[in-house]
Amino acid sequence: MASTNSEDLFKNIISHAKEYGFIFPSSEIYDGLSAVYDYGQNGAELKKNIREFWWKAMVQMNENIVGIDAAIFMHPTTWKASGHVDAFNDPLVDNKDSKKRYRADVLIEDHVAKIEAKIFKEVEKARGRFGDAFNEDQFRSTNPRVLENQQKIDAINARFKSALEANNLEEVRQIILDLEIVCPISGTRNWTDVRQFNLMFSTQVGSVSEEASTIYLRPETAQGIFVNFLNVQKTGRMKIPFGIAQTGKAFRNEIVARQFIFRMREFEQMEMQFFIKPGTEMEWYSYWKETRMKWHRSLGFPESKQRFHDHLKLAHYANAACDIEFEFPFGFKELEGIHSRTDFDLGNHEKFSGKKLQYFDPELNQNYVPYVVETSIGLDRMFLAILSQSYAEEKLEDGTERVVLRIPPFLAPIKCAIMPLVKKDGLPEKAREIMDQLKYDHLCFYEEKDNIGKRYRRQDAIGTPFCITVDHDTLNDNKVTIRDRDTMAQERVSISEVAKILNEKVDIRAALKRLN
RNA sequence: GCGGCAAUAGCUCAGUUGGCAGAGCAUCAGUUUCCCAAACUGAAGGUCGCGGGUUCGAUUCCCGUUUGCCGCUCCA
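Note that the structure is predicted; figures quoted are calculated from it, not measured.

(A) Quick peek at unusual backbone geometry. Geometrically, the link from Ile240 to Pro241 is a cis peptide bond, its omega value of 5° lying close to zero. With respect to the element layout, Pro241 can be found in the loop between α10 (229-235) and β9 (242-251). Residues other than glycine seldom take positive phi values, yet Phe260 does so here, at roughly 60°. Looking at where Phe260 falls in the secondary structure, it is placed in the loop between β9 and β10 (266-276). Its identity as a non-glycine residue notwithstanding, Thr342 has a phi of 50°, on the positive side. Structurally, the position occupied by Thr342 is in strand β13 (residues 331-342).

(B) Here's a closer look at the pairing of β13. For strand β12 (residues 320-328) and β13, the ladder comprises nine bridges, and the chain directions are antiparallel. Bridging across to β13, Ala321 finds its partner in His339. Counting the residues between successive antiparallel strands, the hairpin from β12 to β13 contains two residues. Sheet topology places β13 next to strand β16 (residues 371-378); six bridges connect them, and they run antiparallel. Each bridged residue has a counterpart across the sheet, and for His339 the counterpart in β16 is Glu374.

(C) Layout of the pattern of salt bridges. Using the criterion set out here, one finds 35 salt bridges in the structure. Here Arg341 and Glu220 are joined by a salt bridge, their closest N and O atoms 3.4 Å apart. With Arg341 in strand β13 and Glu220 in the loop between β8 (213-216) and α9 (222-226), this pair connects stretches of sequence that are 121 residues apart. Summarising the burial analysis for this pair, Arg341 and Glu220 share the class buried. Sharing partners across several salt bridges, the network here consists of Glu394, Arg402, Arg406, Asp460, Arg483, Arg485 and Asp486.

(D) Structural detail: empty space enclosed by the protein. Scanning all chains against the criterion turns up one cavity of 30 Å³ or more. Space inside the largest cavity adds up to approximately 40 Å³. Lining the largest cavity are His296, Leu299, Phe301, Gln306, Phe326, Leu335, Met382, Ala385 and Ile386. When residues in the lining of the largest cavity are grouped by element, the largest group, three residues, is from helix α13 (residues 379-390). Partitioning the lining of the largest cavity into residue classes produces seven nonpolar, two polar and no charged.

(E) Seen up close, the confidence of the model for chain A. Of the residues in chain A, 93% have a pLDDT of 70 or more, and the chain-wide mean is 88. The lowest-confidence element of chain A is strand β6 (residues 195-196), averaging 68 in pLDDT; the highest-confidence one is strand β3 (residues 65-67), averaging 97. The ipTM for the predicted assembly is 0.87, set against a pTM of 0.85.

What counts as what
Residue numbering note: each chain is counted from 1, following its sequence as written. Chain letters and ligand numbers both follow the written order, the letters beginning at A and the numbers at 1. The model is predicted, so local features are restricted to residues of pLDDT at least 70 and side-chain atom pairs to those at 80 or more, both for listing and for counting; the totals for chains, interfaces and linings are taken over all residues. Side-chain numbers come from the whole structure's heavy atoms, not from hydrogens or water. Runs of E in the DSSP output that reach at least two residues are strands. Runs of H or I that reach at least four are helices, and both are numbered from the N terminus. Strand pairing follows a simple DSSP-based rule, namely that at least 2 bridges must link the two strands. We count a salt bridge whenever a side-chain nitrogen from Lys or Arg sits within 4 Å of a carboxyl oxygen from Asp or Glu. Note on exposure labels: buried denotes an accessible area under 20% of the residue type's maximum, exposed denotes more than 50%, and partly exposed covers the range between, all computed with a 1.4 Å probe on protein chains only. A 1.4 Å probe that fits but cannot get out identifies a cavity on a 1 Å grid over protein atoms alone, an open set with protein on both sides within 12 Å along at least five of seven lines counts as a pocket, and a residue lines either if it has an atom within 4 Å of a point. Grid points are joined across faces, edges and corners, and a volume is the space filled by probe spheres set on the points. When residue character is reported, Ala, Val, Leu, Ile, Met, Phe, Trp, Tyr, Cys and Pro are called nonpolar, Asp, Glu, Lys and Arg charged, and the others, Gly included, polar. Per-residue confidence from the predictor is given as pLDDT, running between 0 and 100.

Dropping the structure here:
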């Protein structure tokens, strides 16, 4: 059972996640759906608790940050303004020998450019021959070689244009084959089919197909915040600097989606857009870098597991960007992104909507489009980080092994298991009384099946931090034992104190205070 | 997307040179023990991922396909 290397470890974590009701492949009875997963009974709780911790840390702990919940469907123009439509509409083709991928339109344009170069050469030759008397337009419209090449170019362009307009990718490939375009690296013409990779999923709104208009499932939640900037600023009487936070599903049609729930086609983001005065972005960028790292560190995992990764190549919307990376079993990977987005988004939404998205700054007595610093974390990735960091295969003193999830108690799916030592002599009744007392505050679990050791191990496996056991002495002294998941040590306490003790042990407040 | 490997019970896997489908653990019902996966009795759980082909007969051989993992590629 013990994992000898990180690949085994990762496989064991995946098995464990399924066996104990954290993660299931989507629609598994139909063989699943590639890169889509469901959260099971324990996974849903853990995910909810992570989301709550983020929400409280961002919204509840910051007077100048408020939360919204925007719709997944948005007006199609949103994605033109954001740049998502244009950035991802390229027809791509792979060379099977060199395994290199090219944009089909670039291959064809390069080929056209070569023909143009030939024409240019002819023209320059002629210019040298005729000297000052040279009439380029006349030469181009009469020279047979130039005309022939120009016709070729026109024919290619016309054919390519109509193929693209008809969305006929077969034809695009045929053009590449007919033009005998070779891969610059392998030199072969062994091309795959041409494929259109659009990052966004589309669907139709409207009941009649002719009236239907195409809309997209949002590829990021951020735009829901930008389009509501004025609504929130005005109705919330927000003053810059202020933030808008949101959690929710986003969808990306990834070409390659892999590594369990690390890269899924449907995933949940937790994003916060912080609106600031232009010129102050670098201060706020480093403020949020440190603040977010503190949040990650507050979970108590080794600091060596997290690191910053500064982006050298910046996206079209950013003037500074970094990732917080986590060391997953398959290496350091992005967990959260912090981006200085300038006024790119609000500015573009102004252009496309024609609405003024500005803030009147009373101190400066002037309007401006605010700059934005964004923090964007993948909830599913955070879930995987916590799951893989918590998972431990332990060898105990007596030589037996146990699997334990050392999830921080306030994030654990089940906070407390309550069990009678045996299921007779009135012990179950007593345990039920305690269960009925605690269930109003915490998700608790009652169990009387199997011997007590087995029940403890089952709770270890799902990360339940505490087990309360009712034994024969309980009936006389009204005391129970509280067993700690990590140390396996037991403490005997009065039943009247149990609620108070448990409240303290699983309280999210301690974690939030560590953020200060 | 390309290449490699894999898919048999909830989990980990064995197996049949092509001839009635197996183990351990887990699950459920009971007996017993009672503080760290104990024991016993019984039960349930499978079109051997799916679809074709070859064959008297395919879980086994062949082809396709789906899903997963790994490498490359991609990830504004």
